[in-house]
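Residue-level structural notes
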Amino acid sequence: RDRIGRFRACFDTSTPPSTRPRENSCTPSTQLQESKATMPTALPGVLARSTIVLFGDSLTQRGFEPEGWAAALAHYYGRRADVYNRGYGGYNTRWARELAPALFARPPQGQAHLLATVWFGANDACISTERAHVPLLEFEANLETIVQQARQVARVVVVMTPPPVHGPSRLAYQKRKYGARATGVEERSTEVAGRYGDVAARVAGRHGCALLDVHQLMLREADWPRYVGAGTEDGDGLHLSGAGQRFVAEKLLALLPTLGLDRDALAYDAPWGFEVDANEPAASLRAHFARHRGALQANSGVLGVDRGESRP
């Protein structure tokens, strides 16, 4: 405990440098101990970043796969925002709404999330004999509850619609997975997924959320089945292929700047290497962090302050 206290003291700017503990436990060598390059404030406040929360089913969970859309988002906002992937494979909105109050609880210090995405419907839209099925009216009520909670703690909320479904690929996947036990019945369809997408779009509009209509955007492409794995060895006609991941990432990253979330307008946590004064690093770091605190607050907003509508 004493060592932890002395370590934290090394990062504290509330106490003048001359009165801070300088025991060897703060640094591994006397030479480093005597250096002026002391971190100018206590972690994690120094390196605080804006936050992004992705909430959805397996389409979100798999977003951190190689070429994944969520990974592309994390790359885009590198050093500016931390991306939290809260995708739950197999979930529908009935189950997800039970998680939403904890997921969208008030963040520490009342700092709003920069962005939240909500992507459900692919499982809700399966046929009624499937355990994940949720009737359309209940889906609307569930999604509305989730979106309302997200809006309370995020500067911008983007609602996403379920992708179209490639029936032949679903049946081929079913045979691969179940063999002789395959039913030969398509448990999902593009038509039904489109109805759930229409509801998601209405919910987004009612609550001033941005909409990424993945369903309609894909259908505009003649070769859309490849986005859900058609023609690939392990494609199942529902989950995104590498091409599908890139497609969603491209459309989302094109939308975000129109919502005021261009990364170049956002504060980054620590200065770039070329910005640090090699002779007086502590002073240049302090100057950056002083600017960063205000910029971080401006990026995301503070809960309880009107953040405006997040319309596309």
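This is a predicted model, so every value here is computed, not measured.

Rules behind the numbers
Residues numbered from 1 in each chain as written. Predicted model: local features only at pLDDT ≥ 70, side-chain atom pairs only at ≥ 80, totals over all residues. Heavy atoms only, no water. Helix = DSSP H or I, 4+ residues; strand = E, 2+ residues; numbered from the N terminus. Buried < 20%, exposed > 50% of the residue type's maximum accessible area, 1.4 Å probe, protein only. Contact = heavy atoms within 4.5 Å. Core = buried A, V, L, I, M, F, W, Y, C linked by side-chain atoms within 4.5 Å.

With respect to the element layout, Asn 142 can be found in helix H6 (residues 136-153). Given the relative accessible area of 2%, Asn 142 is considered buried. Excluding its chain neighbours within four sequence positions, the residues that come into contact with Asn 142 are Thr 93, Arg 94, Arg 97 and Val 134.

By size, the foremost hydrophobic cluster in this structure holds 38 residues, and its most contacted members are Ile 52, Trp 69, Tyr 77, Val 158, Val 248 and Leu 256. Of all elements in the fold, only strand E1 (50-56), helix H4 (69-76), strand E2 (81-87), strand E3 (113-119), strand E4 (154-160), strand E5 (210-212), helix H9 (214-219) and helix H10 (242-255) reach the threshold of two or more residues within this core. Ranked by residues supplied to this core, first place goes to H10 with six residues. Counting 26 residues, the second largest nonpolar core, distinct from the first, contains Val 53, Leu 103, Ala 150 and Val 203.

Take the environment of Ala 249 next. Considering the arrangement of structural elements, one finds Ala 249 in helix H10. On the accessibility criterion, Ala 249 (8% relative accessible area) is buried. Considering only alpha carbons, one finds Ala 249 and Gly 63, 186 residues apart in sequence, at a separation of 9.3 Å. Apart from residues no more than four positions distant in its own chain, Ala 249 is found in contact with Trp 69 and Ala 72.

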